[in-house]
Each structure stands twice: as structure tokens, then as C-alpha cells.
Amino acid sequence: MINIVLFGKPGAGKGTQAEFLKGKYNLTHLSTGDIFRYNIKNETALGQLAKTYMDQGDLVPDEVTIQMLQSEVDNNPQSSGFLFDGFPRTIAQAQALDAFLESKGQKITATIALEADDEILVQRLLERGKTSGRPDDQDEEKIRNRYDEYNQKTAPLMQFYQEQGKFHAVDGIGSIAEITERLSNVIDRL
Ligand code: AMP
């Protein structure tokens, strides 16, 4: 059983790559952003809460996010491994994930970062915003806020996973197929 954290800044291509990797390695793809958006669309209480943060480009509070993620994992007992996309995004989330997986006799196998320059990513998100319909992709100020959130709260996770000997990084600039291959090279050697 392998559990992979796909790591990277907004727009780095985590979701796109997850679509390819989940089939190739038979993993359950869990994107917290997608789950929040599903809840917003269906007007659940969770969605209403998450929306107030997401629309501003702020992170949704840890307790809410951790609880949601844990119930998604629990809802997939037959899974042969998870591909976490957009989670964890804070040290508290990473610690909670470690403890939660340990309670199930599992662990994170590796964290793989998709690396790319901020300016390229901002342009990519603004471009995506023209078709994604996502309010957080359409306004440069909100996008910049997402990067601030990343730099303050998420970037420290690199060291967290480095200390566990689980951090890997690949160049996130290139064709989709090239990047899938770079990620696969890391996974195949785990
Ligand atoms: P994403 O689709 O991964 O870019 O996430 C979109 C938005 O959902 C983020 O800007 C946050 O507001 C929220 N979100 C997604 N995942 C998390 C997380 N792990 N912790 C807190 N907020 C999250």
C-alpha cells in the first residue's frame, strides 16, 4: 500500500497529474479543494462554511479540513492507497494525518512536490480562471493571497517531510506527459 502526498503551489498541476497517477498506481485520489467545491455546489453546511474562506483565497480552518479528510479516508476502506492532493497544507494537518494513518497501521510513503516559478503559476491561474468559473482563480489579489497562505503555512511542510526522509521534488514545467513521467520515476523507486 502506498500513500502519496502531491505537493505544490496553487496552479502547479497537482490535480492534472493526479488524474493520470491515480489510474496508473491504482490510488484513491482525494483532493480537499474538489471536496470543498462539491460541498459548495450542493449547498451543504460544510460548503457554506468553506466558501467564505475559499472565495478570499484563505485556508479553511484545520479542524474542519482534517475531519473532512479523515471521513473521506474512512469512506474508502477498500482502497489500495491514497493520493492526497492539496492536503496537508499546514503542519497541524500533517501531524493529524500522520497520527490518523498510524492509528490504521499505515503511513505516508512519500511527498512529491511539483516545482514552478510563482509568476508562471499566477499567469496560469488567471488563464484557468477564464474557464474554471472559480472565484479564487479570477482575481489576482486573491491569487496572491493564496500564495501568501502557501508561503506562510504550507511551505514549512517541506522541512517537515524532509526530516522524515520523505520529501521529493520534480520540475513542474513541461508537457503533462513529461511531468507524469518525472513523478512516475520517483514513485517507481519508492
Ligand atoms: P485547491 O483546489 O487545492 O487549490 O484548493 C482551493 C481552496 O480550498 C484553497 O485555497 C483553500 O481555501 C481550500 N482548501 C483546499 N485544501 C485545503 C486544506 N488542506 N486546508 C485548508 N484549506 C484548503
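Here the structure is a predicted model, which is why all the values come from computation and not from measurement. (Residues numbered from 1 in each chain as written. Predicted model: local features only at pLDDT ≥ 70, side-chain atom pairs only at ≥ 80, totals over all residues. Heavy atoms only, no water.)

Participant: Describe in detail the overall build of the protein chain, supporting the description with residues and values.
Facilitator: Of regular secondary structure, the protein chain possesses nine helices and five strands. Moving toward the C terminus, one meets the helices and strands of the protein chain in the order β-α-β-α-α-α-β-α-β-α-α-α-β-α. Rg of the C-alpha trace for the protein chain: 16 Å, near the compact-globule value of 16 Å for 190 residues, within the 12% margin. Considering only intrachain contacts with a sequence separation of at least 6, the fraction spanning at least 24 residues in the protein chain is 73%. A total of about 9,500 Å² of accessible surface is found on the protein chain, and carbon and sulfur atoms cover 48% of it. (Helix = DSSP H or I, 4+ residues; strand = E, 2+ residues; numbered from the N terminus. Rg over C-alpha atoms; globule rule 2.2 N^0.38 Å. Contact = heavy atoms within 4.5 Å. Areas by Shrake-Rupley, 256 points an atom, 1.4 Å probe, with all protein chains shown as cover.)

Participant: An account of the site of the ligand is needed here, citing residue identities and associated values.
Facilitator: Surrounding the ligand, one finds 16 residues, the nearest of these being Thr32, Arg37, Asp58, Gly86 and Gln93. Residue Arg37 places a side-chain N or O atom 2.9 Å away from an oxygen atom belonging to the ligand. Contact between the ligand and Gly86: a nitrogen atom at 2.9 Å from a main-chain N or O atom of the residue. Protein chains bury 96% of the 480 Å² of accessible surface belonging to the ligand in isolation. (Near = heavy atom within 4 Å. Polar contact = N/O pair within 3.5 Å; in protein donor to acceptor, adjacent residues only side chain to side chain.)

Participant: Outline the nonpolar core, supporting the account with residue identities and numerical values.
Facilitator: Ranked by size, the top nonpolar core spans 22 residues in total, and within it Leu69, Val73, Phe84, Leu97, Ile108 and Tyr161 carry the most contacts. The greatest single-element share of this core, amounting to five residues, is contributed by helix H5 (residues 91–103). Contacts of Leu97, omitting those with residues within four sequence positions, involve Leu69, Phe84, Phe87, Pro88, Ile108 and Tyr161. (Core = buried A, V, L, I, M, F, W, Y, C linked by side-chain atoms within 4.5 Å. Buried < 20%, exposed > 50% of the residue type's maximum accessible area, 1.4 Å probe, protein only.)

Participant: Give a detailed account of helix H7 (residues 140–154), specifying residues and quantitative values.
Facilitator: Compared with the 21 Å implied by 1.5 Å per residue over 15 residues, the 20 Å span of H7 between its first and last C-alpha is a close match. Buried within H7 we find Ile143, Arg146, Tyr147, Glu149, Tyr150 and Thr154. All buried residues of H7 lie within an arc of 155° about the axis, which places them on one face of the element. With respect to the buried face of H7, the exposed residues turned more than 90 degrees away are Glu141 and Gln152. Tucked inside the fold, the buried residues of H7 contact strand E1 (4–8), helix H6 (118–132) and helix H8 (156–163). (Expected span 1.5 Å × (residues − 1). Arc of directions from axis to C-beta.)

Read these as spatial facts, not as claims about activity.
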